[in-house]
Amino acid sequence: MIVRKKLLIRFVLIIILAIAVGLISYPKAVSKIPPVYNALNKLKVNLGLDLQGGIHLEYKADLSQVDSAKADTAMQSVQDVIERRVNAFGVAEPVIYTTRSGTDRKLVVELAGVKDINEAKNLIKETPFLEFKKEGEPDKSKEIPQELLDQLNVQIKASAEAELKKVLAGADFAEEAKAKSEDPGSKDNGGDLDWAKKGMFVPEFDKVLFDPNLKDGEIYPQLVETDFGWHIIKKIEQRGSRDNVEVHGAHILFAKKSNADATGGQPTFVSTGLTGKNLKSAIVDFKSQGLSEPQVALKFDAEGTALFAQITKESVGKRVAIYLDGEIISAPRVNEEIVNGEAVVSGNFTIEEANNLVKRLNEGALPVPISLVSQQSVESSLGQISLEKSLKAGLIGMGLVMIFMILYYRFLGVIASIALLIYAGLMISIFKLSAFTPWSITLTLPGIAGFVLSIGMAVDANILIFERTKEEIRKGRSILSAIDEGFKRAWTSIRDGNASSIITALILIEMGTGFVKGFAVTLVLGVLVSVFTAVNVSKTLLKFLVGDWIQDKLWLIGVKKTSVDNLDNNK
Amino acid sequence: MINIVGRTKYAYAFSIVLTVLSVASLFFWGLKFGIDFTGGTLMEVQFSQNVPMNQEVEENLKDLGLKSMALQTTANKSILIRYASEEDATNQAVVKRLTEKYPDSKQLRVDYINSSVSTELRKNSLLAIFAAIAGIMVYVAWAFRRVSRPVESWKYGAGAVIALAHDILITIGAFAFLGHFKGIEVGVPFIAALLTILGFSVHDTIVVFDRTRENLLRSSSKEQFPEIVNRSLNETLVRSINTSMTVIITLLAIYFYGGESIRDFSLALLIGVGFGTYSSIFIASALLVTFYKMQIKSK
């Protein structure tokens, strides 16, 4: 009876397991016992972004400017910076990690339950990328040849002269300025320059405007040439005397063409390798005493200090541009080499802007630029629908499989169905309890698909065993020994068949993309767990419940008595 | 007992026709790749009030210069917008425009894949399929290493793999057809489905092979190899069909009730598992017999 006793112990263990996984999977069953219910209800399946809504972002890091030996450190600090940023935003349990594929390094950011996807994206993008650039050689390629410029300017001057004649002859100055002037600042006001003191314009212009011989309301009868082009100047009125003379004037500008237009008037700047990654600290500073003209004082680390010294040494008399997120914010001229590793950014900041910039810089300037290469975002309502639908599909699938098994295998089918229920409970329990292990499983929509599919596969082992058992019964074995034989003989097929599923699922996990991974992980897990439930659980249940009583009720396991007899007769 | 092995030529003819058709549709139409493999953006925009006409939306987005844009209306008051985009700024612009023009709209989901990622996915997918086929072939050959007479063990592996290649070729062909006529796209989920089909179809084949192995070890010398194979097939017929049946039941549940996002995925699995069952009964074992006959002839 030792065998029987062992069987009893196993049976009891399985009942305990069934109750435990049942309660973990469906805590509502004990909703009348609040302490137990509350404790169990705390266990939750970790749902993926596609089921609860959220955003999955993959950024590729541009490491071309970074020494390959330092790539790991650079990626780590990118991750740290983004983590700080996201934490400040207050997203519950953000997942941030770096991956590599080949030579590419990627940063993955997963934010669950984020309502405003664009806001979240901006938050990450907002991270400042600070870069110092030095003046490069002007780009000659875009320049217009001097002869062509001269020709153009001759034409422009000619039209300016024609215009001068027109206004001197009495055409409305303001109307003409509106139509012809190329000074964007005054054009729309009819060329009006408002009141101005001497010295506010370029000398050539000043001289004419403040010419005491030019009377109020008079137009200067000649064109005035400045660096900007050719001006037609009108003095509207004059007030004050001596040093306090103020003139209200107007002008029509015919702009001169020059190569400054072609290059946007900016000298070109080239990267120096000095970026936010070399920054030690940033503080708000004030240019003058009191709280006016705030500026940002930067302090570099050792490497940055050396680089900065070199850059400033090379750029004495030239400008060094400070770029933030690819936009120039200030370009001070360098007077002398700076060796103490300190720099000041003054960019017409308000106090608030300066404070923000300092905060952002200290939170961490990104050591390398990153760009978004992949995004999957799901609105939470859509996630909710997906969850409901896939769970419904799972329940329907499981119900139909159980009906099929019971119709076809009768008593054996009932056993298989119980084993299947324990299987489902066990899987849900594993999903829930995995949160307490380092191998936390996140259930995604494909994961549920894999789980539902595994329900169909889980009973396959039972089918193989039962078919074999029936075969053995038809051969004339007693039911108990036929069951034993069925389990024993079907095992190799079960093992081989499931091994192939595991091989392909492992390859899928290796592929590593979101969809595939979620599906393959639940499939592998499902195959392993189902082998346990279909073999061990159903075997114990069967052996415990089946006795000699079933010998003359063979219809219960779907074997016709006649088929057994016939076989016997044939022998 | 049904004489399955004796009807091999019909099964071969049927399978060859289907395989040729599949290869032809793959050749002429090709698969319609989704953004996973081409790069680009897929956006589902839902409207709380009236869903605007596709043309109207297209007109509103026209000046953003979206390349190969396609719009598709869905059942749940939403429009699927697809376009080839190279950078995220484009997506931001589209979202901004849509919110301006349609304040009652919201982005249910936005999937964006940069072409650098899609190229990698394409490469990985191909690698995965070949790795899976190789892995299964090695595994089957290993599992049947003790059977060497009258047909060597590697031929079991080859038989299983030919049957598998047949299953996934037909599935791919079916999706080339569906892509051409129904616009169904294939992406990473399709690859996952193919690999699952590989893993599952070989399951049935192994059951039959396993029985053949067992019967070979016990058979009397009178019984010829083709007869043993046929007997093994008959003995395992019910379980082959039933094991596939339960899987097909769950797949049908996913197909009909699981929602649109995984419908195409379950369809691929249904086709593959269906043909997988057929091929493990009618093709894989028949190939063993064909190999055996070739061996005899060459002697």
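Everything numeric here is computed off the predicted structure, so don't read it as measured data.

1. Describing the overall build of chain A
Here is step 1: Of regular secondary structure, chain A possesses 17 helices and 18 strands.
Here is step 2: The buried share of chain A, taken over its 571 residues, is 37%.
Here is step 3: Sequence separation of 24 or more characterises 70% of the internal contacts of chain A that already satisfy a separation of 6 or more.

2. Some points on the domain arrangement of chain A
Residues and elements named next belong to chain A.
Here is step 1: Segmenting chain A into domains produces domain 1 (2–47 + 379–570), domain 2 (54–136 + 268–378) and domain 3 (146–262).
Here is step 2: Contacts between the two partners involve five residues from domain 1 and, on the opposite side, four residues from domain 2.
Here is step 3: Looking at the side of domain 1 that touches domain 2, its residues break down into one nonpolar, three polar and one charged.

3. A word on the nonpolar core
Residue and element names in this part refer to chain A.
Here is step 1: Membership of the largest hydrophobic core comes to 178 residues, with the highest contact counts inside it found for V78, L420 and L508.
Here is step 2: Apart from residues lying up to four places away in sequence, L420 is in contact with M398, V401, M402, I455, A458 and V459.
Here is step 3: Counting residues in each nonpolar core, the second largest holds 18 residues, with L130, F300, A321 and V358 among its members.

4. So, the domain arrangement of chain B
Here is step 1: Parsing chain B into structural domains produces domain 1 (5–34 + 117–298) and domain 2 (40–113).
Here is step 2: If you average the C-alpha positions of domain 1 of chain B and of domain 2 of chain B, the two centres end up 40 Å apart.

5. Some thoughts on the sheet that holds strand β16 (residues 342–345) of chain A
All names here are of chain A.
Here is step 1: Spatially, the three strands line up as an open sheet ordered β12-β13-β16, and their pairing is antiparallel. The open sheet has two free edges, formed respectively by β12 (279–286) and β16, since each of these has just one partner strand. Sheet twist, expressed as the average angle between the axes of neighbouring strands with direction ignored, equals 25 degrees.
Here is step 2: Note that strand β13 (residues 294–300) and β16 share four bridges and pair antiparallel. Opposite A297, over in β16, you have V344 as the bridge partner.

6. So, the packing of helix α14 (residues 445–474) of chain A against helix α15 (residues 479–511) of chain A
Residue and element names in this part refer to chain A.
Here is step 1: As a packed pair, α14 and α15 sit with axes 7 Å apart at the nearest point and diverge in direction by 135 degrees. One way to sum up the angle between α14 and α15 is to call them oblique. Of the two possible hands of crossing, α14 and α15 adopt the one that is right-handed. In contact with A461, L464, I465, F466, R468, T469, E472 and I473 of α14, α15 contributes I479, A482, I483, E485, G486, F487, R489, A490, S493 and I494.

7. Some words on the pairing of strand β17 (residues 370–378) of chain A
Here is step 1: Within β17(A), eight of the nine residues are buried, which leaves it mostly tucked inside the rest of the structure.
Here is step 2: The pairing of strand β2 (residues 54–61) of chain A with β17(A) spans eight bridges and is classified as antiparallel. By the bridge assignment for β17(A), A:Y59 is matched with A:L372.
Here is step 3: Where β17(A) and strand β4 (residues 105–113) of chain B come together, five bridges link them in antiparallel fashion.

8. Overview of the interface of chain B and chain A
Here is step 1: On the side of chain A, 55 residues touch chain B, which itself brings 55 residues to the contact.
Here is step 2: Among the elements of the structure, α4 (88–101), β4, α5 (115–143), α7 (188–218), α8 (225–257) and α9 (263–298) of chain B are those that each provide at least two residues to the side of chain B that touches chain A.
Here is step 3: Partitioning the side of chain B that touches chain A into residue classes produces 32 nonpolar, 16 polar and seven charged.

9. Things to note about unusual backbone geometry
Residues and elements named next belong to chain A.
Here is step 1: One non-glycine residue, D194, adopts positive backbone phi at about 65 degrees.
Here is step 2: Here D194 lies in strand β6 (residues 192–197).
Here is step 3: Take D194: there are 12 C-beta atoms within 10 Å of it, and that puts it in the exposed class.
Here is step 4: We note that R410 has phi near 50 degrees; this positive angle belongs to a residue other than glycine.

10. Brief notes about the packing of α14(A) against α8(B)
Here is step 1: Here α14(A) crosses α8(B) at 160 degrees, and the two axes come no closer than 8 Å. In terms of axis orientation, α14(A) runs roughly antiparallel to α8(B). Judged by the sense of rotation from one axis to the other, the crossing of α14(A) with α8(B) is right-handed. For the pair formed by α14(A) and α8(B), the contact residues are A:A449, A:V452, A:L453, A:I455, A:G456, A:M457, A:V459, A:D460, A:I463, A:L464 and A:E467 on the first element and B:V238, B:R239, B:N242, B:T243, B:T246, B:V247, B:I249, B:T250, B:L251, B:A253 and B:I254 on the second.
Here is step 2: Per-class residue counts for the contact of α14(A) with α8(B) are 14 nonpolar, five polar and three charged.

Cut-offs applied
- Residues numbered from 1 in each chain as written.
- Chains lettered and ligands numbered in written order.
- Predicted model: local features only at pLDDT ≥ 70, side-chain atom pairs only at ≥ 80, totals over all residues.
- Helix = DSSP H or I, 4+ residues; strand = E, 2+ residues; numbered from the N terminus.
- Buried ≥ 20, exposed ≤ 12 C-beta atoms within 10 Å, placed from the backbone.
- Contact = placed C-beta atoms within 7 Å.
- Domains from an automatic or database assignment.
- Nonpolar A, V, L, I, M, F, W, Y, C, P; charged D, E, K, R; others polar.
- Core = buried A, V, L, I, M, F, W, Y, C linked by C-beta atoms within 7 Å.
- Pairing = 2+ DSSP bridges.
- Axes fitted to C-alpha atoms, helices over the stretch in contact; angles between N-to-C directions.
- Parallel < 35°, antiparallel > 145°, perpendicular 65-115°, else oblique.
- Left-handed = near helix turned anticlockwise from the far one by under 90°.

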